[in-house]
Amino acid sequence: MAENNFGVAIVGMAGRFPQANTIQEFWANLIANKECISFYTDEELLAMGISPDFISHPDYVKAKGEVVDIDKFDAAFFGIAPREAELTDPQHRVLLETAWAAFEDAGYVPSDYPGDVGIFAGKSMDSYLMLNLLPQFKRVFSSGSLQAAIGNDKDSITTSIAYHLNLRGPAITIQSSSSTSLVAVCVACQSLLTWQCDMAIAGGVTLGPPIKTGYLSQEGGITSTDGHCRAFDDNSSGFVPGTGAGLVVLKRVDDAIRDGDHIYAVIKGFAVNNDGSEKISYTAPSVDAQARVIVQAQKLAGLQPQDISYVEAHGTGTKLGDPIEFSALNQAFATANEKQYCALGSVKTNIGHLDTAAGVTGLIKTALAVYHGKIPATLHFKRPNAQIDLANSPFYINTQCQDWQPKSGIRRAGVTSLGMGGTNAHVVVEQAPAYNKPRADAPSYCILPFSAKTKSSLQNSLQCFADFLQYEQLDKRDVAWTLATGRTMFEYRAAIVCDAVTNAANLLTDKNNQSIIQDIAKAQPNLGWLFSGQGSQYQRMGQQLYRQWPAYTAAFDHCADILARDAAIDIRAELFSAPISNEQAERLSQTWLTQPLLFSVEYALAQLWISWGVEPTLMIGHSLGEWVAATVADVFLLDDALRLIAKRAKLMSSAERGAMLMVALAENEANAYTNDCVALAAINSPNYSVLSGPKKDIAAISEQLTHKNVINKLLHTSHAFHSYMMKDVAQALRLEFADVHLNPPTYSFISTATGNAVEANTLTTVDYWINQMLMPVRFSAAVQVAHQRYNCDFLEIGPGSTLVHLVNSHQLAHSEAKSSLPTANSEMDENKHLLETAASLWARGHNLNWVSLVGDSPRRVSLPTYQFDKTRYWVSSPEEQGIQTPVNDVVNNTVTFAKSNSNRQPRPHFSTPYEPAQTDTQRELLAICESILGIDGLGINDDFFEAGAHSLMLGILLAQIQEVFSVTVSFVTLMEEANVRVLAEQIEHQLTAKPDAILASLLEEIVKN
C-alpha cells in the first residue's frame, strides 16, 4: 500500500472523551454526526458550587464537553492507597488508566516488552489542586503533603505512569499549551526513529473541577456565544471548552509489521516549530510559521500536497484563528493544482476544545478515519467565513460523513495542532501497509483467556466481550493471541474454548456459565502428571490430535516408525485406518497391541503438553503408565522403551490367561482375600482395590463379595497382571535389558511400585522394572504422597479419565484432576476436550505457551480493554460543600482533612488474616496508619505496602510517630517489615529502655550509616 515502510505505526489508542469512554464510542459518535456537548440546568451548576451570579449572567454559557466520572478511579488496581488517590490530580489518574487501556488496545504488556518503552505526554492547569486541595491545607507543600505535590505536578505525570507500568524508556513531560499532545506525539516519533526507545506512548489530558460548569463568553472573544463550535463558518464565534484524554501507542512501522501488530495508520511525517516574534502579539497566530510546519511534515513524509485528501485542522471556530489557519493551509498547499479535492474538518465541532488533549484527539479521529475509510462530518457548517475563499482553494468542508476513496487509492491525511505562544505541530498519516503474508488455517478450536484483579471486574469484562464479539468478524487465533499475550494475567480467571468468534459471544452469554471455565489462579501451582494404565484404550484415540497438532504428530510418528522397524506393528493403521467395529475394538484390547498403542499415545500427549508449556512438577505412572513416565523423564531412551514395551506386551500375551477384580474394599480388607493364587494387584483409592489371579479363583471371590453386598466388578483384561502369573514373563523380560542404559529421572518421580518418592538412582536398576510387573500398583499411596508433599493439581496423560476419577475419590483439598482425552463413549471432540483441560489449568494458574497453542502467524487485534472497578476518590471543594471558607484546623503543618472529606475505603485484600490491636500503642498506631492510608480495618500484621504505601507515606508515618510517641524509629527497619506489630514493639522497647540505651542505639545506627 505505502511506497516505503519509513514511518511510525499507530498500533494502539485509548481515550476518554465527551460522551465517549472508549475510542469505539468516540468513533460511533463521529460517524453519527453527533455533537457531544453537555448543556446544564441551573440546579446542576449550583450543585457544583458555581456562583449564582455567574449562572444568571446573560453571557454565561451553560455548556461544556464533559468527561464523566473523573472523580472515580481504580486505586486498588494500581496499588495506590486511598488517601494518595484522593490527593492525586484526576488528570494523573485518568491518564494512567488510559495508558493501561492504550497498551491493551495495542496488545502489549509494556513491562514484558523486550525493548525500551517511552512515554511523552502533558496535561492542563491543575484546577483540582487549586479549587479542591489548597483550601484544605494550610501549606500544601509541607512535608505532610508532599504526595499532594507529586500527584498534582505536571512534571511527574509521565514519570508516575512510567513507575506504575514499569516503562524503562524516556519519560518526558511535554507542555506547549493547546498543541501539547500532538507535540508529544512528534517527540515520541523522533525518539523511536533515533532508536532511543522501541515503543512509545504519547498524548495528553485536560480535565478537572468543576466537573459541570459553563463559561463567560464575550463578543469578539475565543469562546462560543451559544455552546456550539462552528469551525470555518461565517457564523462562528469561537470554541466550547471540553475535557478529555487521549494516548496513542507507537512503534517503528517495520517492527509493527514484523510483529503482526494491529496498525490503525502510519505517521509518515511530522514537524514542530514556533512562530517566534513574527506576529502581532504573543497570543496571536502566524500564517508563515503554520505553513512551514505543514510543509516540513510533508517533506519528511516524501509527499506532495496533492497526495493528501483530508486535513484535520486545529479549527477552533474563532474569527481570528480560522482565517489565519486557512491561509497557512493554502500557502502550504500552493503547489496543488486541483481545487476542492481535500476535505477539511475539525473534531472541535463535535466535542469542544480539549486544550492539551486536543491534538492527539484530532490524530485519533484521523487515524480512525484512515483505518475505516470514512471522513466524519464537520458539524454546524453552512457557509464559509467571509475571509476564507474555499472555492479557489484545494479544500472543502464535508458536512456529512462520507466514504473516503481517494484517486490514488491510498488514504493520506494531515493533522494540525496549534498552541498559544506559537508552538505548532503537524503530522502526516496514511493507510497501513496490508498484510500479504499467507498463513495456514487456524486450529479448529482456540482458547480465549480473560482475567482481572477482582471478580466483579472479570464479570464486567466477560459481558463487554460478549457484546463486542457478536458483531466482529475476527480470526479466532488473533483474538486468542491478543488476549493471551497482550494482557497481564491476574488472579481471577475465565476462559472459553470456541470454534468461531461469533460462537464465542454466545458462549460468554451462557446464563448457566456451563461453557465458561472460571477459577482463581494460584501463585505457584504444582502439577502431577498421571500416566494411564491398560484398559483405557479406544478406537481412533488421538486421531484428531494427530491431524491438528504438529508436536503430537511428530512424537506419534516417531513411536510408529520405531515400532514398525523393531516390532513389525503398524500403530497408524491400527488406530487411524482400520474400520471402526467390534472386531477392531476387541483387537485393540489384546495386550500385545494395547500396550504399544497406549505407550505411543501417552508419549505423544506428553510431548504435546510440553510444547504447550505445561510441564510436570512430578510424575506418577499406573502400571504401564510408569514406563511412559520414565521415558518422558529420560530414564529410558525412546527406542529402548518401545522395544522393551513391545516385548513385554508379547510376553504377557503368551502367559496363562487370568482375571482381575475391582473391589470396594480398603487394602487391609482386600488382603483378606489374597492367597498363593490370588494377589493384591492395585490399591487405587482408600476404599477401592484390585485383586488378580486365575479366573476361577476371581469368580469365587466375586460371588462371595456379591453375597455380602460389597461392590465388585470384573475388569476388561485378558490376564492377571501384577500377580504370580507374571513371574515367568518378568524373568524373560530381564534378558531384554542387556544393552539398555538407564538414567536418573529428570523430573520428580513417585513410584506406584513403592507408593513413595524414589531416590535418583532407584529407576536405573533392572530389578526395579522387573519387580514393577509383579508388585501391586500403589496408586492411592502415590497420590497421597504427591498431595502432602506438593499440594498439586493432577493431569491424566492418556485416554479417558480413569485416573481422574480415582484421584477425585481421595477428596484432596485444594487439588483438581483433569483428563487429556475424552472417554471411549464420549462424543466430545478431542481437540475441544484437550483445550478445555488446558484452559482449566491456565485458570488454576499454570502457565501455557500460547505461541504453540494459537496457530500459525497470529496477529494482534483491537479488543475491549480492562474494566476497572472504580471508587470515588475526591476531596470536595468548599463550594461543593456549600461553604465559602475552609472548615478545618491545621496543626503543626500536617495534613488535616475536613470531616466531610474523611471517608475511608474498607479493608483491602491482604495476604495475612485480620488481627486487631491488643495494646494501647498498637491502637494508636492503627489510627495513625489508617488515616495516612485512607482505609479502615487495618490489622497489626498487615503489610503497609500491600495497602499501597510507599516511601513518602512511610516518611509521614515516622514523623507522626516521633510527634505522638516522642521516639525515633529507623526508616530502614520499617522498610524491612512494615506493619503495626513490629512498629509497636520498637516504640514500646524505646519507651521502656533507659535514656543511655536509647542514645547508644541511635549512635550505633549513625555509625552504621
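To be clear, the structure that these remarks concern was listed above.
Residues numbered from 1 in each chain as written. Predicted model: local features only at pLDDT ≥ 70, side-chain atom pairs only at ≥ 80, totals over all residues. Heavy atoms only, no water.

Observations regarding the nonpolar core
And step 1. Core analysis: the largest hydrophobic core is formed by 195 residues, its most contacted members being Trp529 and Phe636.
And step 2. Here the element with the most residues in this core is helix α22 (residues 591-611); it accounts for eleven residues.
And step 3. If we ignore the near neighbours within four places in the chain, the residues touching Phe636 are Trp627, Ala630, Thr631, Ala641, Leu644, Phe737, Val740, Leu742 and Trp769. (Core = buried A, V, L, I, M, F, W, Y, C linked by side-chain atoms within 4.5 Å. Buried < 20%, exposed > 50% of the residue type's maximum accessible area, 1.4 Å probe, protein only. Helix = DSSP H or I, 4+ residues; strand = E, 2+ residues; numbered from the N terminus. Contact = heavy atoms within 4.5 Å.)

A short note on the sheet that holds strand β20 (residues 492-498)
And step 1. Strand order in the open sheet formed by three strands is β19-β20-β21, with antiparallel pairing between adjacent strands. Taken across any chain shown, the strands that pair with only one partner, and hence form the sheet edges, are β19 (446-452) and β21 (517-520). Put simply, the sheet's adjacent strands are angled 20° from each other on average, direction ignored.
And step 2. Of the pairings in the sheet, the one linking β20 to β21 comprises four bridges and is antiparallel in character. Looking at β21, one finds that Ala494 is bridged to Gln518.
And step 3. Most of the contacts of helix α16 (residues 476-485) go to β19, to which it runs at about 30°, and overall it touches β19 and β20. (Pairing = 2+ DSSP bridges. Axes fitted to C-alpha atoms, helices over the stretch in contact; angles between N-to-C directions.)

Overview of the state of the cysteines
And step 1. Scanning the entire structure with this criterion turns up zero disulfides.
And step 2. With no disulfide of its own, Cys189 has Cys186 as its nearest cysteine by sulfur position, at a separation of 6.3 Å.
And step 3. Judged by its relative accessible area of 0%, Cys189 falls in the buried class.
And step 4. Cys464 takes part in no disulfide bond, and the closest cysteine sulfur, belonging to Cys498, lies 16 Å away.
And step 5. By relative accessible area, Cys464 is classed as partly exposed at 25%. (Disulfide = S-S within 2.5 Å.)

A few points about the side chain of Thr837
And step 1. Mapping Thr837 onto the fold places it in helix α31 (residues 830-844).
And step 2. Within the structure, Thr837 has its side chain in polar contact with the backbone oxygen of Ser819 (distance 2.5 Å).
And step 3. Once residues lying within four places of it in the same chain are set aside, the contact partners of Thr837 are Trp609, Leu795, Lys818 and Ser819. (Polar contact = N/O pair within 3.5 Å; in protein donor to acceptor, adjacent residues only side chain to side chain.)

Some details on the packing of α22 against helix α24 (residues 638-654)
And step 1. The geometry of α22 relative to α24 is characterised by a closest axis approach of 7 Å and an angle of 150° between their N-to-C directions. As the angle between them shows, α22 and α24 are arranged roughly antiparallel. Judged by the twist between their axes, the crossing of α22 over α24 is right-handed. Between α22 and α24, the residues in contact are Thr591, Trp592, Gln595, Pro596, Phe599, Ser600 and Tyr603 and Leu638, Ala641, Leu642, Ile645, Ala646, Arg648, Ala649, Lys650, Met652 and Ser653, respectively.
And step 2. Split by residue class, the contact of α22 with α24 holds eleven nonpolar, four polar and two charged. (Parallel < 35°, antiparallel > 145°, perpendicular 65-115°, else oblique. Left-handed = near helix turned anticlockwise from the far one by under 90°. Nonpolar A, V, L, I, M, F, W, Y, C, P; charged D, E, K, R; others polar.)

Regarding helix α36 (residues 980-992)
And step 1. In this model, α36 (13 residues) spans 18 Å end to end at C-alpha, consistent with the 18 Å of a helix rising 1.5 Å per residue.
And step 2. Within α36 the residues assigned to the buried category are Val980, Val982, Leu983, Ala984, Ile987 and Gln990.
And step 3. The N-capping residue of α36, defined by a side-chain oxygen 3.2 Å from the backbone nitrogen of Arg981, is Asn979. (Expected span 1.5 Å × (residues − 1).)

Here's the deal with the side chain of Asn273
And step 1. Of note, Asn273 is situated in strand β11 (residues 265-274).
And step 2. Taking the relative accessible area as the measure of exposure, Asn273 reaches 13% and is therefore buried.

What to know about helix α5 (residues 90-106)
And step 1. Taking 1.5 Å of rise per residue, the 17 residues of α5 would be expected to cover 24 Å, and the 24 Å separating its terminal C-alpha atoms lies within 8% of that figure.
And step 2. Of all the 17 residues making up α5, 17 are buried; the element is thus mostly covered by neighbouring parts of the structure.
And step 3. After α5 finishes, the residue Gly107 shows a positive phi value of roughly 85°.

Geometry only, nothing functional implied.
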